[in-house]
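# Structural features, examined
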Amino acid sequence: MYVCICQAVTEKQVRDAAAQGVHSLSALREHLGVASECGKCARCAHSILKECRNCPGSSQGMACAA
């Protein structure tokens, strides 16, 4: 599923970024460009990041698959 249409960022890319240590919306914006245009994706991207904080394996660099 696309999270950010403006930058063509998918949910998988957000989850992969979280596994690489991106844990804030501002860091995700720098890493992938999410919420840098219209901002409509910010809430969805932030909720995915929050969800990935609690995923087992995320501290070992494994992508969250929730």
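Here's a quick rundown of the structure.

How each quantity is defined
Residues numbered from 1 in each chain as written. Predicted model: local features only at pLDDT ≥ 70, side-chain atom pairs only at ≥ 80, totals over all residues. Heavy atoms only, no water. Helix = DSSP H or I, 4+ residues; strand = E, 2+ residues; numbered from the N terminus. Buried < 20%, exposed > 50% of the residue type's maximum accessible area, 1.4 Å probe, protein only. Contact = heavy atoms within 4.5 Å. Areas by Shrake-Rupley, 256 points an atom, 1.4 Å probe, with all protein chains shown as cover. Core = buried A, V, L, I, M, F, W, Y, C linked by side-chain atoms within 4.5 Å. Salt bridge = Lys/Arg side-chain N within 4 Å of Asp/Glu carboxyl O.

## Let's talk about the overall build of the protein chain
Secondary structure summary: the protein chain contains three helices and two strands in total. Reading the protein chain from its N terminus to its C terminus gives the helix and strand order β-β-α-α-α. Looking at the 66 residues of the protein chain, the share that counts as buried comes to 36%. For the protein chain, the share of sequence-separated contacts (at least 6 apart) that also reach a separation of at least 24 residues comes to 49%. Roughly 4100 Å² of accessible area belongs to the protein chain as shown, and the carbon and sulfur atoms make up 50% of that amount.

## Looking at the nonpolar core
Among the nonpolar cores identified, the biggest contains 19 residues, and V3, V14, L25, L28, V34, C41 and A45 are the most heavily contacted of them. Counting only elements with at least two residues in this core, the list comes to strand 1 (2-4), helix 1 (11-19), helix 2 (25-32) and helix 3 (42-53). Per element, the largest residue contribution to this core is five residues, and it comes from helix 3. Ignoring any residue separated from it by four or fewer positions in sequence, one finds V14 in contact with V3, V9, L28, L32, A45, I48 and L49.

## A few points about the pattern of salt bridges
As enumerated under the stated definition, the model contains three salt bridges in all. Ionic pairing is found between E11 and R15, a salt bridge with its closest N-O pair at 2.7 Å. Of the two residues, E11 and R15 both sit in helix 1, four residues apart, roughly one turn of that helix. On the basis of relative accessible area, R15 is assigned to the buried category, the value being 6%. With a closest N to O distance of 2.9 Å, D16 and K12 form a salt bridge. You can see D16 and its partner K12 sitting in helix 1, four residues apart, about one turn around the helix.

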